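Residue-level listing of the chains:
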Amino acid sequence: MENIKQLQQQFATLPGWEERYRLLIQLGKKLPPLDTDELSRMPLIHGCEVEVRFTAQKQPDGGYRFSAYSEARIMNGLLYLLLSALQSLPLSEIRQFDMTALLQSCGIAPRLSETRLNGLKNIESLLHQLD
């Protein structure tokens, strides 16, 4: 995953939505691939217009390893952004994670459909419940 601050800066330099859309698609291609077995064990996230799966696995050191998948390219880009943002956060910050703020910082929140936002907000709710 990439540093979220660098990704936010990269989005900030883009002049319009089309360029941001292209960057999201490119980022989605970087989402780590999952095999069929991993996908079958990942819970489905409801509320999104496409299939989205997300899991948070607690690690022995108390941290979490996150995995995500979608059948849609743009959603994979959004999931890559999310995983990049989460990768270095302590649990206390993960529990307070604000998905809307992340999307606004990248200039992409206004162009997302309600159903995409619903799926991402459902992931945010799961993060807030981690222990």
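Residues numbered from 1 in each chain as written. Predicted model: local features only at pLDDT ≥ 70, side-chain atom pairs only at ≥ 80, totals over all residues. Heavy atoms only, no water.

Caption draft 1: Just helix α1 (residues 4–12), in detail. Among the residues making up α1, those that are buried are Ile4, Leu7, Gln8 and Phe11. When α1 is viewed along its axis, its buried side chains cluster within an angular range of 100 degrees and face the same direction. Of the residues in α1, the exposed ones pointing more than 90 degrees away from the buried face are Lys5, Gln6, Gln9 and Ala12. The elements touched by buried residues of α1 are α2 (17–28), α4 (73–86) and α6 (99–105). The opening residue of α1, the one whose side-chain oxygen lies 2.7 Å from the backbone nitrogen of lysine 5, is asparagine 3. (Buried < 20%, exposed > 50% of the residue type's maximum accessible area, 1.4 Å probe, protein only. Helix = DSSP H or I, 4+ residues; strand = E, 2+ residues; numbered from the N terminus. Arc of directions from axis to C-beta. Contact = heavy atoms within 4.5 Å. Polar contact = N/O pair within 3.5 Å; in protein donor to acceptor, adjacent residues only side chain to side chain.)

Caption draft 2: Local environment of the packing of α4 against helix α7 (residues 114–128). It is at 11 Å that the axes of α4 and α7 come closest, and there the two elements cross at 25 degrees. Taken as axis vectors, α4 and α7 run roughly parallel relative to one another. In this structure, α4 crosses over α7, and the sense of that crossing is right-handed. Each of Ile74, Met75, Leu78, Leu79, Leu82 and Leu86 in α4 lies in contact with α7, whose residues at this interface are Arg116, Leu120, Ile123 and Leu127. Split into classes, the residues belonging to the contact of α4 with α7 amount to nine nonpolar, no polar and one charged. (Axes fitted to C-alpha atoms, helices over the stretch in contact; angles between N-to-C directions. Parallel < 35°, antiparallel > 145°, perpendicular 65-115°, else oblique. Left-handed = near helix turned anticlockwise from the far one by under 90°. Nonpolar A, V, L, I, M, F, W, Y, C, P; charged D, E, K, R; others polar.)

Caption draft 3: Quick look at the side chain of serine 67. With respect to the secondary-structure elements, serine 67 resides in strand β2 (residues 64–70). Within polar-contact distance, the side chain of serine 67 engages the side chain of arginine 65 at 2.6 Å. For serine 67, the residues in contact, after removing those within four places along its chain, are Leu34, Met42, Arg53, Phe54 and Thr55.

Caption draft 4: Expanded view of the packing of aromatic side chains. Under the defined criterion, the tally for this structure stands at three aromatic pairs. Taking 5.9 Å as the distance between ring centres and 25 degrees as the angle between the ring planes, the aromatic pair formed by phenylalanine 54 and phenylalanine 66 counts as stacked. Highlighted residues: phenylalanine 54 in strand β1 (residues 52–58) and phenylalanine 66 in strand β2, separated in sequence by 12 residues. With a centroid separation of 6.2 Å and an interplanar angle of 20 degrees, the aromatic rings of tyrosine 64 and phenylalanine 66 are classed as stacked. Like phenylalanine 66, tyrosine 64 is buried. (Phe/Tyr/Trp six-rings, centres within 6.5 Å; stacked < 30°, edge-to-face > 60°.)

Caption draft 5: Just the side chain of serine 70, in detail. Here serine 70 shows up in strand β2. Only 3.1 Å separates the side chain of serine 70 from the backbone oxygen of glutamate 51, close enough to count as a polar contact. With residues near it in sequence (within four places) discarded, serine 70 still touches Val50, Glu51, Val52, Met75, Asn76 and Leu79.

Caption draft 6: Highlighting the pattern of salt bridges. The final tally for this structure, using the stated rule, is five salt bridges. With its nearest N and O atoms 4.0 Å apart, the salt bridge here joins glutamate 38 to arginine 65. In this pair, glutamate 38 sits in helix α3 (residues 36–41) while arginine 65 sits in strand β2, placing the two residues 27 residues apart along the sequence. Using a relative accessible area of 36% as the deciding quantity, one classes arginine 65 as partly exposed. One salt bridge in this structure joins glutamate 51 and arginine 53, with 2.7 Å as the shortest N-O distance. Its relative accessible area of 26% is what places glutamate 51 among the partly exposed residues. (Salt bridge = Lys/Arg side-chain N within 4 Å of Asp/Glu carboxyl O.)

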